[in-house]
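# Close look at the chain arrangement
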Amino acid sequence: MRKRVKNNVSWVGHLDWELETFHGDDYSIKNGSSQNAYLIEEGKTVLVDTVWTPHRFDFVENLKKEIDLKKIDFIVANHGECDHSGSLETILAEIPGTPVYCTANCVKSLEGQYGKRGWNFKVVKTGDSVEIGNGKKLVFVEMRMLHWPDSMATYMTGDNILFSNDAFGQHYAVEELFNDKADQSLLKHEAMKYFANILNPFAPILTKKLEEVVGFNLPFDIIAPSHGAIWRDNPLQIVELYGKWAKAYQENQVTVAYDTMWEGTAKVAHEIAAEIHRQSPETVVKVFNIAKADKNEVMTEVFKSKAIAVGSPTVSNSILSSVAGWLEFLKQLKFKNKKAGAFGCYGWSGESVKILQAKLSEAGFATVGESIRPQWKATDADLAQIPALAASLLGV
Ligand code: FEO
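First, a word on what this report is: a plain description of the structure on this page. Just so we're clear, the structure is a prediction, and the values are computed from it rather than from any experiment.

It is worth spelling out the overall build of the protein at this point. Assigned secondary structure in the protein consists of 13 helices and 21 strands. The principal-axis extent of the C-alpha atoms belonging to the protein is close to 75 × 40 × 35 Å. The 396 residues of the protein split such that 58% are buried. When contacts within the protein are restricted to residue pairs at least 6 apart in sequence, those whose partners lie at least 24 apart make up 71%. Counting only carbon and sulfur atoms, one obtains 51% of the accessible surface of the protein, whose full area is about 16200 Å². Counting 43 positive and 49 negative side-chain charges, the protein places the centres of these two groups 3 Å from one another.

Below is the structure:
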């Protein structure tokens, strides 16, 4: 069922209340999601993006109920990832030869995924535009590495809508479609989680791109991403948030993340958290067992933090596999301007703290000198070292 976005622009996407994971199982979804596709019916009829492959038949059938598919003059493929391109094959089987406007890299992505099918690609780059009638046009803006090399946004003049694709999106289902109808706390959280877990590695590119887009001095009445709520109430609020988040963002928060074998390292984790609170009651402190907590939610908390403390006991001269995997993900996300400390109990060889410090440095964190490394279990002498570690993490 179509939903009106503005004037002759409708949402024709797929709302997925039951989706639990995304990117395989690499991204957790707690509040549903959507793949947003848009139908523009001006002098020309244009489909902007499609929906994920499993929903392709429903998507095309639903679209047929709204319009005669033959009326579609062209399709815009802002991004080749299959959550947006997954219905192209099905719709183009109905209307073969329909032009598909996309970047040169998107052609590579689509032909790589769906084969060389002789689709009628119209390759565009930043500043290219196409008239759609009624005095309006679509202007294309390459969004290279936001978050794939093929990503693009499309701006519709007249209605001043930016179809931003993944940028400014959230994995969050909003039946009423718009940001002003969404739960504001969830919306902000889901937008931040999406940024921290998907876009943060490209933050320096994003900063330049935001400056470029804002520099166009175009009016933005609506920012319509390809996932989640459409920003119509003060749409620039999400651009401003991205501007802040892209610049080594931090709040007054410290996150303690650990795994434990026999509760020794867990006890140190909680002592560290308590000491941070003792020294700085205004600092938000959060504690997570890496093996049990949702890793995307923990990374969102790390994104907000000015410092983290990471713990693992020594096992087989190394660290627990849960913590090793978590640290690999942490490295990928390229967080900046954050301190880190390490802790972990051991029985015999005791390498975990050194390994943690090395991996935290590799992940771009400024590791503090202090660490907590109890043998067997934390003694009073071990616990007496916690205030110094907490003070270093707090920067006091
Ligand atoms: Fe929503 Fe990069 O796909």
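Text resumes after the structure shown.
Let us now look at the sheet that holds strand β11 (residues 121-123). Taken in spatial order, the seven strands line up as β1-β2-β7-β8-β9-β10-β11 in an open sheet, and their pairing is mixed. Edge positions in the sheet fall to β1 (3-6) and β11, since each has one partner strand and no second. Within the sheet, the average angular offset between the axes of one strand and its neighbour, ignoring direction, is 25°. Pairing geometry for β1 and strand β2 (residues 9-11), over three bridges, is antiparallel. Looking at β2, one finds that Lys3 is bridged to Trp11. Of the strands in this sheet, β10 (100-102) and β11 touch helix α4 (residues 104-114), which is tilted by about 150° from β11.

Time to look at the sheet that holds strand β12 (residues 129-133). In any sheet, the strands associate via hydrogen bonds between backbone groups, in a parallel or an antiparallel arrangement. Read from one edge of the open sheet, five strands run β12-β13-β14-β15-β16, paired in mixed fashion. For this open sheet the edge positions go to β12 and β16 (222-225), each flanked by a neighbour on one side alone. Averaged over all pairs of adjacent strands, the angle between their axes in this sheet comes to 20°, without regard to strand direction. Note: strand β13 (residues 136-142) against strand β14 (residues 152-156), five bridges, orientation antiparallel. Bridged to Val139 within β14 is Tyr155.

Spacing of three or four residues puts side chains on the same side of an α-helix, whose turn is 3.6 residues. Its 13 residues place the ends of helix α10 (residues 321-333) 19 Å apart at the C-alpha level, agreeing with the 18 Å of an ideal helix rising 1.5 Å per residue. Within α10, burial applies to Val323, Trp326, Leu327, Phe329, Leu330 and Leu333. Relative to the axis of α10, the buried residues are bounded by an arc of 160° and lie together on one face. Buried residues belonging to α10 abut α5 (184-199), β17 (253-258), α9 (295-304), β19 (307-311) and α11 (352-362). Lys334, located one to two residues past α10, shows a positive phi value of around 55°.

Once that is clear, we can look at the pattern of salt bridges. Scanning the model with the defined rule gives 20 salt bridges in all. Among the salt bridges present, the one from Lys125 reaches Asp128, with a minimum N-O distance of 3.8 Å. In this structure, Asp180 engages Arg232 in a salt bridge whose closest nitrogen and oxygen atoms are separated by 2.8 Å. Here Asp180, found in the loop between β15 (161-165) and α5, pairs with Arg232, found in the loop between β16 and α7 (236-245); they are 52 residues apart in sequence, far enough to count as distant. Each of the salt bridges in this network shares a partner with another, and the network as a whole consists of Arg2, Glu41 and Glu66.

Attention now goes to the environment of Pro374. In this fold, Pro374 is placed in the loop between β21 (366-372) and α12 (380-383). In sequence terms Pro374 and Gly264 are 110 residues apart; their C-alpha atoms lie 8.4 Å from each other. Residues contacting Pro374, with those up to four places away along its chain left out, are Val268, Gly344, Cys345, Tyr346 and Asp382.

Criteria and thresholds
Residues numbered from 1 in each chain as written. Predicted model: local features only at pLDDT ≥ 70, side-chain atom pairs only at ≥ 80, totals over all residues. Heavy atoms only, no water. Helix = DSSP H or I, 4+ residues; strand = E, 2+ residues; numbered from the N terminus. Buried < 20%, exposed > 50% of the residue type's maximum accessible area, 1.4 Å probe, protein only. Contact = heavy atoms within 4.5 Å. Areas by Shrake-Rupley, 256 points an atom, 1.4 Å probe, with all protein chains shown as cover. Lys, Arg positive; Asp, Glu negative; His and termini not counted. Charge placed at Lys NZ, Arg CZ, Asp CG, Glu CD. Pairing = 2+ DSSP bridges. Axes fitted to C-alpha atoms, helices over the stretch in contact; angles between N-to-C directions. Expected span 1.5 Å × (residues − 1). Arc of directions from axis to C-beta. Salt bridge = Lys/Arg side-chain N within 4 Å of Asp/Glu carboxyl O.

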